Amino acid sequence: MDKNINVLLQDETLDKELQKIAQKINDKERISDEDALYLYEKAPLGYLGTLANYIREERHGDKTYFNRNFHLEPTNVCLYTCTFCSYSRLIKKREEGWEYSLEEMMDMIKKYDGEPVTEVHIVGGVMPQYNLKFYQDLFKAIKAHRPELHVKALTPVEYHYIFKKGKVSYEEGMRLMIEAGLDSMPGGGAEIFHPEIRDQIAGGKCSGEEWLQIHEISHNQGIPTNATMLYGHIEEYRHRIDHMEKLRQLQDRTSGFQTFIPLKFRNKNNQLSHLSEVSV
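So, here is what we can say about the structure in this document. (Residues numbered from 1 in each chain as written. Predicted model: local features only at pLDDT ≥ 70, side-chain atom pairs only at ≥ 80, totals over all residues. Heavy atoms only, no water.)

Moving on to the nonpolar core. One finds Ile122, Tyr135, Leu138, Phe139, Ile142, Tyr159 and Trp211 to be the most contacted residues of the largest nonpolar core, which totals 48 residues. The contact partners of Trp211, leaving out residues within four places of it in the chain, are Pro156, Gly187, Gly188, Gly189, Ala190, Phe193, Cys206, Asn226, Ala227, Leu247 and Phe257. In this structure, Ile5, Leu9, Ile25 and Leu39 belong to the second largest nonpolar core, which totals 13 residues. (Core = buried A, V, L, I, M, F, W, Y, C linked by side-chain atoms within 4.5 Å. Buried < 20%, exposed > 50% of the residue type's maximum accessible area, 1.4 Å probe, protein only. Contact = heavy atoms within 4.5 Å.)

Moving on to the packing of aromatic side chains. The way to describe two aromatic rings as a pair is by their centre distance and the angle between their planes. For the structure on display, the rule yields 11 aromatic pairs. Centre to centre, the rings of Phe70 and Tyr112 are 3.8 Å apart; their planes meet at 10°, and the pair counts as stacked. Of this pair, Phe70 sits in strand β1 (residues 69–72) while Tyr112 sits in the loop between α5 (102–110) and β2 (119–122), placing them 42 residues apart in sequence. Residue Phe70 is classed as buried on the basis of its relative accessible area, which comes to 5%. Ring plane angle 50° and centroid distance 5.2 Å describe the contact between Phe193 and Trp211, whose orientation is recorded as tilted. Of the two residues, Phe193 sits in the loop between α8 (170–180) and α9 (195–201) while Trp211 sits in helix α10 (residues 208–220), which places them 18 residues apart along the sequence. With respect to class, Phe193 is no different from Trp211; both count as buried. Every member of this aromatic cluster is reached through a ring pair, and the members are Tyr130, Phe134, Tyr135 and Phe139. (Phe/Tyr/Trp six-rings, centres within 6.5 Å; stacked < 30°, edge-to-face > 60°. Helix = DSSP H or I, 4+ residues; strand = E, 2+ residues; numbered from the N terminus.)

So, on to the packing of helix α7 (residues 156–166) against α10. Helices that pack against each other are described as a pair by the angle of their axes relative to one another and the distance between those axes. Where α7 meets α10, the axes come as close as 9 Å, and the angle between the chain directions of the two elements is 90°. Classed by the angle they form, the pair α7 and α10 counts as roughly perpendicular. Two secondary-structure elements touch here, α7 through Pro156, Tyr159 and His160 and α10 through Glu210, Trp211, Ile214 and His215. Looking at the contact of α7 with α10 residue by residue, the classes come out as 4 nonpolar, 2 polar and 1 charged. (Axes fitted to C-alpha atoms, helices over the stretch in contact; angles between N-to-C directions. Parallel < 35°, antiparallel > 145°, perpendicular 65-115°, else oblique. Nonpolar A, V, L, I, M, F, W, Y, C, P; charged D, E, K, R; others polar.)

Strand order in the open sheet made by the 3 strands is β1-β2-β3, with parallel pairing throughout. Each having just a single partner strand, β1 and β3 (150–153) make up the two edges of the open sheet. When the angles between neighbouring strand axes are averaged without regard to direction, this sheet yields 25°. Relative to the sheet, helix α6 (residues 132–145) contacts β2 and β3, its axis offset from that of β3 by approximately 160°. (Pairing = 2+ DSSP bridges.)

Moving on, we get to the environment of Tyr231. Within the fold, Tyr231 resides in strand β4 (residues 225–231). A sequence separation of 132 residues divides Tyr231 from Glu99, and the C-alpha atoms of the two residues are 29 Å apart. With sequence-adjacent residues up to four places away left out, Tyr231 is seen in contact with Arg240, Pro262, Leu263, Lys264, Phe265, Val278 and Val280.

This part covers the side chain of His219. Mapped onto the elements, His219 comes out in helix α10. The residues touching His219, leaving out its near neighbours within four places in the chain, are Thr225, Leu250, Thr254, Gly256 and Phe257.

This brings us to the pattern of salt bridges. Under the criterion given, the structure shown has 21 salt bridges. Of the charged contacts in the structure, one is a salt bridge between Arg56 and Asp62, with a shortest N-O distance of 3.7 Å. Relative accessible area serves as the criterion here: at 67%, Asp62 is assigned to the exposed category. Among the ionic pairs, Lys143 bridges to Asp183, the shortest N-O distance being 2.7 Å. Here Lys143 is found in helix α6, whereas its partner Asp183 is found in the loop between α8 and α9, with 40 residues between them in sequence. Among the ionic contacts, a cluster of salt bridges with common partners joins Arg56, Glu57 and Asp62. (Salt bridge = Lys/Arg side-chain N within 4 Å of Asp/Glu carboxyl O.)

In structure tokens:
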């Protein structure tokens with residue numbers, strides 16, 4: 001038993017419910033939704049960190065992994081109007097943004113020739129010209145130029161749009177992307193899955209269920225992915241727990257997620273600027 005866990009279990013000043021949850025972790029039992037809610041409401045940050053690090057080292061040892069990547073963003077002009085977004089520009093204001101051609105993006109990639117990068121991370125706005133063929137051509141061009149470069153590209157928000165526009169199923173679309181050179185998928189576009197919140201902050205783009213479906217199809221076709229959660233805006237703790245539980249259920253089925261990234265909402269230059277930012 002990890003000595004830090006042991007300290008928690010023997011700490012008589014610690015809330016009894018928190019001791020029970022620590023015992024579950026030590027016994028390798030899963031916490032429930034009720035436990036998760038209690039942790040949000042009552043657990044000190046140091047206590048959470050101790051439990052999280054215990055699980056991390058149980059699964060992966062005392063190791064941390066890094067890669068050397070660079071970002072390629074085809075456009076920041078977008079059809080969607082997510083209320084939390086400070087990044088995109090509306091079509092009617094597209095002169096404020098950028099819309100790169102395939103040739104311009106390949107020029108950007110070639111600037112890293114000779115650099116010890118291992119991955120290109122591609123994500124951006126959703127626009128009609130960035131369609132299925134465009135991304136097939138882009139991925140193929142990247143692999144032709146630098147075959148060892150790992151292509152981590154596009155979120156279900158983008159794939160949902162381009163597959164629908166291209167009149168192909170999610171399964172067929174992902175197969176075509178993999179054939180073109182896709183190696184993995186980033187975790188963006190998840191926001192909050194629960195429709196009570198998602199419809200308010202990201203209405204019009206792919207649903208939480210569609211996001212999860214595209215990731216599951218990717219996992220089943222051998223493509224690992226990341227997962228995110230945008231927190232600290234209009235959601236409640238129960239919405240966060242619902243979100244994480246859906247990710248956990250999918251991970252149970254596929255083991256395809258590489259990492260979970262909580263993204264803190266930032267209130268500058270967006271439609272939710274009237275909200276205060278959470279501290280952590």
